[in-house]
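Fold and geometry: a report
The residues making up each chain are set out below.
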Amino acid sequence: MNIIFHEQTRTFHLYNDEISYIMTVLPSGHMGQLYFGKAIRDREDFSHLLEDTFRITASYLSEEQNTMSLEHLKQEYPVYGTTDYREPAVEVIQANGSHLSNLQYSGYRITDGKPKLSGLPATYTEDDSEAKTLTITLKDPLTGLAAELLYTIFAGGGALARSVHFINQGTEILHLGRAMSLALDLPDCNYEWLQFSGVWARERHLKTRSLEPGIVSVGSLRGASSHEHNPFIILKRPHTDENQGEAIGFSLIYSGNFLAQAEVDNQDVTRILLGIHPDTFDWKLEPGADFQTPEAVMVYSSLGLNHLSQTFHRLYQKRLARGYWRDRPRPILINNWEATYFDFTEDRLVTIAGKAKECGVELFVLDDGWFGARRNDSAGLGDWYANKELLPNGISGLSRRIEALGMKFGLWFEPEMVNEDSDLYRAHPDWILRTPGRSASLGRHQHVLDYSRKEVVDYIYEMMAKLLREARISYIKWDMNRYITECYSAALPSDRQGEVFHRYILGVYDLYDRLTREFPHVLFESCASGGARFDPGLLYYAPQGWTSDDSDAIERLKIQYGTSYCYPISCMGSHVSAVPNHQVFRSTPLYTRANVAYFGTFGYELDLNKLTADEQEEVKQQIAFMKEYRELFQFGVFYRLRSPFEDNYTSWMVVSPDQKTAIVGWYKTLNHVNVPFTRVRLQGLAPDLCYHLEDSSLSFYGDELMNAGLITSDSMCGELTGKRPSCDFDSRLFILKAY
Ligand code: DGJ
């Protein structure tokens, strides 16, 4: 890995074994983008990559520079206007109403390692040798605005982390109307755009379309990254598939409003923008003040989508997630939500936990309903102390009883919300986000607390910390169950209301930061009505997240498959729940529910007392199995093999880092009669190793499994399944071990 600056040509080259990123100072003083892709050898002069020509309808910077039309140059961080008619990365508003700016190259700095971003989650290094960071400073001579473009290249892998730091070095007040984290102009538009979209209980479904002239975008204006779209997109070449071909992934480490966009211009250049959504954003920069954008990560792969995902997985698992739990296999948990909803007593909870313990579960999680006057979802939010009618011995008493069973205890919070029927709201009705003179809408009977205010965050912190200090709490599920509308803070002046959405998220990060610092051994799981904030921002604080409220195994195939394009398996909360399933009312075999949930942070979401003795025995075996293999599931290399978005069959696998053990998950949605044989080509094995297929007499070489494939047809699998009749929602795990 290295970052080279060629003085003569004023060209920067960031490279490692996989990627090169090249940019140059244009004759006009703006920064130009020359190349991002597979690593190429360095040279003094890359100016041949600069494509400029006089175009008949172009506006140009001056008569002397009539090929210098910013509309037709690939730029690094384009501003609004000044000959560029495409959407910009930044828009600065002066007191006189001008929206123009002119960011000129002024210098650079190369440092080892990676600096922290103040108040924001970001990738990090543990040792300076792991990365190098280039900071390019641009300045607007008129306003004195400085923009520092930060680029970090890591020693291994195709990832580049980017962000922008603005400083108002002038004397007038400026407003940032838009400040994207990343802009990238690519020389052509021969790409397919992949987005991960959905809705509550159907998150992160893969959607694909070709790029055409014009704009394609996804984003969120809901105050959270959202169920609807994820701050992650991929551009891939049309022929690229999971295992070969070029692709670039763009991911924003942020949990609030975002925009991810591709604009194809009149010359087929594709401009990518990624950052905080400019609608609803307006940041006042007083002289001397600064603003840091969230970090964006881009990953280039020349080896297909699996390789792209694995690069994200490694980086996000090892250098975004942090803390005690980062590298530890996650406890197998039972959560009482789908078992009881609000209908529980202390004894009933202990009975559920007791049976779970008997089956081998390690952590009992008490979900919603334990606090304040909460007996349903219309009261109590904001009052983070135990409801003594339900829990006469408080959370401390319950946690002691759970620990006496030999299990750890976990607790649900929804710290950002308040019900009108709560002590907190009665004491501080002005602490919610609401616009003066307008109605304050409700969602799930609740309001959103104004986390842009420090005193609000302080207050919630004190309540939560008190409980965590008193009771033995090993895990927190942090939920967030409504979006933000009427966003306005009573504590900020009118010219700062455009900051509230972002300040809100900074408040959320601040609370996470304080709690994870004071309670470093507590395992945090993020959640937002299932997967409405399943984003890299929260992964920095909570190493796992509840993937979706849809716990049906078949629905989960698409949700978990889609999620895996960016996020590692170790962060996907996935549980076995009761049948008929509570969301889609489907009944699937117990083994299929487990076979899907193993590929995540495994747990149960039902009352095991209600299962038959045979089923309880099966659960015991599942838990024993997961304990044996969870390191492989959670920290192995994950490959997608067959897509539920294309097929009746789904398949994926994990391989141990030493390639000696692999587990293949194979799932059938509907059963058909007289069907073709099926086989799946495996990935990531050692070609020369001979793998024994567990519970069978069969062995195969890695090269055979990866090229001829593993036969998954029923005729072949009879030996594995004890000739279990084939059925709808069937599944199998194939365990391969090389000796
Ligand atoms: C939404 C979460 O996604 C569920 O798992 C559960 O915690 C409920 N909220 C509780 O209100």
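Note that this is a predicted model, so its numbers are computed, not measured. (Residues numbered from 1 in each chain as written. Predicted model: local features only at pLDDT ≥ 70, side-chain atom pairs only at ≥ 80, totals over all residues. Heavy atoms only, no water.)

Contact geometry for helix α3 (residues 346-359) and helix α11 (residues 613-635): axes closest at 8 Å, N-to-C directions at 60°. Compared by their axis directions, α3 and α11 come out oblique. Contacts from Lys 355, Glu 358 and Cys 359 in α3 reach Gln 616, Val 619, Lys 620 and Ile 623 in α11. Its residues placed into classes, the contact of α3 with α11 shows 3 nonpolar, 1 polar and 3 charged. (Axes fitted to C-alpha atoms, helices over the stretch in contact; angles between N-to-C directions. Helix = DSSP H or I, 4+ residues; strand = E, 2+ residues; numbered from the N terminus. Parallel < 35°, antiparallel > 145°, perpendicular 65-115°, else oblique. Contact = heavy atoms within 4.5 Å. Nonpolar A, V, L, I, M, F, W, Y, C, P; charged D, E, K, R; others polar.)

This structure, assessed with the given rule, holds 50 aromatic pairs. With a centroid separation of 5.3 Å and 65° between ring planes, the pair formed by Trp 652 and Tyr 667 is classed as edge-to-face. Of the two residues, Trp 652 is situated in strand β32 (residues 649-655) and Tyr 667 in strand β33 (residues 661-668); the sequence distance between them amounts to 15 residues. On the basis of relative accessibility, which here comes to 1%, the residue Tyr 667 falls in the buried class. (Phe/Tyr/Trp six-rings, centres within 6.5 Å; stacked < 30°, edge-to-face > 60°. Buried < 20%, exposed > 50% of the residue type's maximum accessible area, 1.4 Å probe, protein only.)

A word on the site of the ligand. Around the ligand lies a shell of 13 residues, among which Asp 367, Asp 368, Lys 477, Asp 479 and Asp 549 are the nearest. Contact between the ligand and Asp 368: an oxygen atom at 2.7 Å from a side-chain N or O atom of the residue. Within the side chain of Arg 444, a nitrogen or oxygen atom sits 2.8 Å from an oxygen atom of the ligand. Surface burial for the ligand is 97%, taken as the share of its 290 Å² of free accessible area covered by protein chains. Looking at the shell around the ligand residue by residue, the classes come out as 4 nonpolar, 3 polar and 6 charged. (Near = heavy atom within 4 Å. Polar contact = N/O pair within 3.5 Å; in protein donor to acceptor, adjacent residues only side chain to side chain. Areas by Shrake-Rupley, 256 points an atom, 1.4 Å probe, with all protein chains shown as cover.)

With that settled, the discussion passes to the pairing of strand β7 (residues 131-139). Consecutive residues of a regular strand have side chains that alternate between opposite faces of the sheet. Extensive coverage of β7 is indicated by the burial of 8 of its 9 residues. Pairing between strand β6 (residues 104-112) and β7: 8 bridges, direction antiparallel. By the bridge assignment for β7, Tyr 108 is matched with Ile 136. As paired elements, β7 and strand β8 (residues 145-154) share 9 bridges and run antiparallel to each other. (Pairing = 2+ DSSP bridges.)

This paragraph deals with unusual backbone geometry. Of note, the amide linkage connecting Val 579 to Pro 580 takes the cis form, showing an omega dihedral of -10°. With respect to the secondary-structure elements, Pro 580 resides in the loop between β29 (572-577) and α10 (590-597). Even without being a glycine, Arg 10 presents a positive backbone phi close to 50°. Looking at Arg 10, the relative accessible area reads 36%, which means it is partly exposed. Non-glycine residue Ala 201 carries a positive phi angle of around 70°. Its place among the elements puts Ala 201 in the loop between β11 (192-197) and β12 (205-210).

This next bit is on the side chain of Asn 387. Within the element layout of this structure, Asn 387 appears in the loop between β22 (363-366) and α4 (394-404). The class for Asn 387 is buried, based on a relative accessible area of 6%. Ignoring any residue separated from it by four or fewer positions in sequence, one finds Asn 387 in contact with Trp 370, Phe 371, Gly 372, Ala 373, Arg 374 and Arg 375.

The next subject is the pattern of salt bridges. According to the stated counting rule, one finds 54 salt bridges in the structure shown. The closest approach of N and O atoms between Lys 74 and Glu 51, which form a salt bridge, is 2.5 Å. Of the two residues, Lys 74 sits in the loop between β4 (31-38) and β5 (90-93) while Glu 51 sits in the loop between β4 and β5, which places them 23 residues apart along the sequence. Relative accessible area serves as the criterion here: at 48%, Glu 51 is assigned to the partly exposed category. In the salt-bridge network here, residues are joined through shared partners; they are Glu 126, Glu 130, Lys 318, Arg 319, Arg 326 and Asp 327. (Salt bridge = Lys/Arg side-chain N within 4 Å of Asp/Glu carboxyl O.)

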